[in-house]
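# A structural walkthrough
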Amino acid sequence: MGKKLVKLPATEVDMTAAKYTPQRVQAPHLTGFWLKLFVMLIEAPIIGSMILILVKNKNRITKMLKNTVIPETPMFIPEFPPKESEPGVFCLEEDGKPEERVEFALQCLPDYNPACIWINDPTTPFRYWKIRDYTYAYKSKLTTPSQVAEHFILAIEESNNKNPLAPLLISYDPDEVRRQAAASTQRFKEGSELSILDGIFIAVKDDIDCYPYPSKGGATWFHELRQVKKDAVCVSRLRNCGAVMVGKTNMHELALGTTGNNANFGTTRNPHAPDRYTGGSSSGSAAIVACGLCSAALGTDGGGSVRIPSSLCGVVGLKTTYGRTDMKGLLYHSGTVAIVGPITATVEDAILVYAAILGSSPAERVSLKPALPCLPNLSSCENWCSMGSLRLGKYTEWFNDVFSTEISDKCEDILNQLSEKHECKTIEIVIPELHEMFIAHVVSIGSEALSQLNPDLEDGKLARLTYDSRISLALFQTYSASDYIAAQCLRRRLMHFYMEIFKKVDIIVTPTTPMTAPIISPTALTVGETNMWISGSLMRFVLAANLLGFPAISVPVGYDKQGLPIGMQLIGRPWCEASILRLAAAIEETCAGPKKKPKQFYDILQGKLM
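This is a predicted model, so every value here is computed, not measured.

### A word on the overall build of the chain
- Each helix and strand counted, the chain has 22 helices and 21 strands in total.
- At 23 Å, the chain has a C-alpha radius of gyration in line with the 25 Å of a compact globule built from 610 residues.
- The buried share among the 610 residues of the chain stands at 62%.
- Sequence-distant contacts in the chain: of pairs separated by 6 or more residues, those separated by 24 or more amount to 81%.
- Here the chain displays about 22800 Å² of accessible surface, and carbon together with sulfur accounts for 56% of that area.

### Overview of the nonpolar core
- In this structure, Phe152, Phe201, Leu238, Leu293, Tyr498, Leu583 and Ile587 are the most contacted members of the largest nonpolar core, which totals 191 residues.
- Beyond its immediate sequence surroundings of up to four residues, leucine 293 is in contact with Phe152, Ala155, Ile156, Leu168, Phe201, Ile288, Tyr602 and Ile604.

### Concerning the layout of surface pockets
- Each pocket or cavity is described by its volume, and for the largest pocket that value is around 700 Å³.
- Around the largest pocket, the lining is made up of 25 residues, and of these Arg127, Lys130, Thr346, Glu588 and Glu589 lie nearest the centre.
- At the level of elements, helix H11 (347–357) and helix H22 (577–590) are the ones that each hand at least two residues to the lining of the largest pocket.
- Here the element with the most residues in the lining of the largest pocket is H22; it accounts for three residues.

### So, the packing of aromatic side chains
- The tally for this structure, following the rule as stated, stands at 19 aromatic pairs.
- Their ring planes at 25° and their centres at 6.4 Å tell us that phenylalanine 76 and tyrosine 484 sit as a pair that is stacked. With a gap of 408 residues between them, phenylalanine 76 in the loop between strand E3 (68–69) and strand E4 (89–91) and tyrosine 484 in helix H18 (residues 481–501) connect regions that are remote in the sequence.
- What makes tyrosine 484 buried here is its relative accessible area of 18%.
- Ring geometry for phenylalanine 80 and tryptophan 575: centres 5.5 Å apart, planes at 85°, overall edge-to-face. You can see phenylalanine 80 sitting in the loop between E3 and E4 and its partner tryptophan 575 sitting in the loop between strand E19 (565–572) and H22, a full 495 residues away along the chain.

### Observations regarding the sheet that holds strand E18 (residues 552–559)
- Pairing in this open sheet of 11 strands is mixed, and the strands run E5-E7-E6-E10-E12-E11-E18-E19-E16-E14-E15 from one edge to the other. Each edge of the open sheet is held by one strand with a lone partner, namely strand E5 (169–171) and strand E15 (425–428). Neighbour-to-neighbour, the strand axes of the sheet open up by a mean angle of 35°, direction not taken into account.
- Across five bridges, the pairing between strand E16 (residues 507–511) and E19 is antiparallel. When the bridges of E19 are listed, threonine 510 appears paired with glutamine 569.
- Strands strand E6 (201–205) and strand E7 (244–249) of the sheet are contacted by helix H7 (residues 174–190), whose axis makes an angle of about 155° with E7.
- In the packing of helix H15 (residues 405–422) onto the sheet, the strands contacted are strand E14 (391–394), E15, E16, E18 and E19, and the crossing angle to E19 comes to about 55°.

### Structural notes on empty space enclosed by the protein
- Going through the model one piece at a time under the given rule, you end up with four cavities of 30 Å³ or more.
- Size it by volume and the largest cavity reaches roughly 810 Å³.
- Together, 48 residues line the largest cavity, and Ala255, Leu256, Gly257, Phe476 and Met539 are the ones closest to its centre.
- Elements supplying a minimum of two residues to the lining of the largest cavity: helix H2 (47–58), strand E10 (296–301), helix H16 (434–453), helix H17 (467–476), strand E17 (529–531) and helix H20 (532–538).
- Top contributing element to the lining of the largest cavity by residue count: H16, with seven residues.

### So, helix H4 (residues 98–107)
- Every buried residue of H4 is accounted for by Pro98, Arg101, Val102, Ala105 and Leu106. Down the axis of H4, the buried set is contained in an arc of 145°. They therefore lie on one face.
- Contacts made by the buried residues of H4 are with helix H5 (131–139), helix H8 (233–240), H11 and strand E13 (374–376).

### Examining the UniProt feature "transmembrane region" (unreviewed entry) in the chain
- Per the UniProt record, "transmembrane region" (unreviewed entry) is found at residues 33–55.
- Summarising residues 33–55: 83% helix, 0% strand, and an end-to-end C-alpha distance of 20 Å.

### A closer look at the packing of H8 against H11
- It is the contact of H8 with H11, at a shortest axis distance of 8 Å, that shows an interaxial angle of 110°. As the angle between them shows, H8 and H11 are arranged roughly perpendicular. As for the relative orientation of H8 and H11, their crossing is right-handed in sense. On the side of H8, the interface is formed by Cys234, Arg237 and Leu238, while H11 contributes Val353, Ala356 and Ile357.
- Per-class residue counts for the contact of H8 with H11 are five nonpolar, no polar and one charged.

### Examining the pattern of salt bridges
- Scanning the model with the defined rule gives 30 salt bridges in all.
- Of the charged contacts in the structure, one is a salt bridge between aspartate 175 and arginine 178, with a shortest N-O distance of 3.2 Å. With a gap of three residues between them, aspartate 175 and arginine 178 both fall in helix H7, about one helical turn apart.
- Exposure remark for aspartate 175: the relative accessible area of 51% places this residue in the exposed category.
- The partly exposed category is assigned to arginine 178, whose relative accessible area is 33%.
- For the salt bridge of glutamate 224 with arginine 464, the shortest nitrogen-to-oxygen distance reads 3.1 Å. With glutamate 224 in the loop between E6 and H8 and arginine 464 in the loop between H16 and H17, the pair connects residues that are 240 residues apart, well separated along the chain.
- Overall, arginine 464 belongs to the partly exposed group, its relative accessible area being 35%.
- Among the ionic contacts, a cluster of salt bridges with common partners joins Glu84, Arg391, Asp506 and Arg573.

Reading the values: the criteria
Residues numbered from 1 in each chain as written. Predicted model: local features only at pLDDT ≥ 70, side-chain atom pairs only at ≥ 80, totals over all residues. Heavy atoms only, no water. Helix = DSSP H or I, 4+ residues; strand = E, 2+ residues; numbered from the N terminus. Rg over C-alpha atoms; globule rule 2.2 N^0.38 Å. Buried < 20%, exposed > 50% of the residue type's maximum accessible area, 1.4 Å probe, protein only. Contact = heavy atoms within 4.5 Å. Areas by Shrake-Rupley, 256 points an atom, 1.4 Å probe, with all protein chains shown as cover. Core = buried A, V, L, I, M, F, W, Y, C linked by side-chain atoms within 4.5 Å. 1 Å grid on protein atoms, 1.4 Å probe; cavity = no way out; pocket = protein on both sides within 12 Å on 5 of 7 lines; lining within 4 Å. Points joined across faces, edges and corners; volume = space filled by probe spheres on them. Phe/Tyr/Trp six-rings, centres within 6.5 Å; stacked < 30°, edge-to-face > 60°. Pairing = 2+ DSSP bridges. Axes fitted to C-alpha atoms, helices over the stretch in contact; angles between N-to-C directions. Arc of directions from axis to C-beta. UniProt positions renumbered as here; feature names shortened; annotations may be inferred. Parallel < 35°, antiparallel > 145°, perpendicular 65-115°, else oblique. Left-handed = near helix turned anticlockwise from the far one by under 90°. Nonpolar A, V, L, I, M, F, W, Y, C, P; charged D, E, K, R; others polar. Salt bridge = Lys/Arg side-chain N within 4 Å of Asp/Glu carboxyl O.

Below is the structure:
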């Protein structure tokens, strides 16, 4: 008998008839000896193929890619309709200088009142220092970038001496930090600072080029094959604004995981709970911001890798529209699901860093025809008045598919407050084929990662990767060209569904992750860990923004009973970063409640190392 084929219905079907089925990745959770044995088996010629076929069958990957007729034609990169208008925004010129865009962004922010900030009262609720706080301190001669640099260097030394090892930075040179800080100090002395970002400490994920540091991608050998001769475009734009680039942050090896586990250099720990993961793959970037050492960090997001760790660490993570930022100078520079984006302590800082790094590459301007980038006008009362026009889409069954009702209840409370305080309307929506979304994404990102890594995996390099990376690559190697085509047919189909939804709502709202930070298994620290069930769960709400290229942001909204951060995700229409930034600012300002100081926190502005 031949295989039974399944034919998906045309996209014109009634989406409200779709039924939600909870998705659970089925794969073994292994560490230690059993992880090593499993890798040995799946890399064996015959038995390895049999094991991977079993894993794919259990997760219905083979059924969808091989035995299903998908009526749509493939869509190899996100294709967007013309941008719809956003109320209360200012547009920027992509071709302008980064420092000019940052100055323009500054004018979009509410007035800054230092009298409300510089209060030495121990009863005052905890708050992170903002970028404007640093600039005020520099201009008022309360401190200098060089003095802050010394505080930073002392804090990094203290952090690096913790036991067990949990490094925030993989590559770091204190003399280089001092050199940049001294140049910034001189500019402030002369009154010639470059922008509001002058003297602001920013870290860079280890898969983004930042000269003179190597780009290791969290691996032990990648830098041997690829020499860094200049900054990535996004880093160069920040340097033009005077930012102090402090080094390369730790990450999940080659960005092939969502926990942040790294057996090569040591696993970065969550500043709120050192026995728990930060999330990944931008683990060090989220942690270094959460513990107060940097105002901002750059991360990359191909499967939630900016938003997941931001959510678990209690900070803000922005994923822009696909093509909004130039990917030149990144390890994965030619994929169709990943972007480079900022991780910051506050929404206003995300706006400032976003303004600096935005700007499509010349090729993407031809293929994507990006709309002009816009920023929300947060400086006037009209901004809050325009909030009432926002329609928020909520798919309740999906929204509530979380490990603890504390997460969904907290996010539901935020929606209620947005309705009461800002008259935002929440509309019930249905999103079909979420399992198909997962399959299309994993095939797309896996195939694209493998195509860029394949030339470098010769001569025994594969054996020098961590065990969980080898499992991921073994799975990716089973995808065929026809599998990739099928995934792109699903991409077009899913794009149709979402664009129909965006005719009814402006922003789709979900928790960022269905769980708070997971516990680190002690054996995972030395050997590594494979836990696709956890990884798949962490990605439950984030994948549409990657596969379909939508902008999305994770904003902290509170904590569970254990004091672990909870994040809320806002997914916007293509090119509508301004809308999600406006809503995120409203949540942060009027709904989210007070922040808790992380257990690992350093006040480098005032020199209080805790």
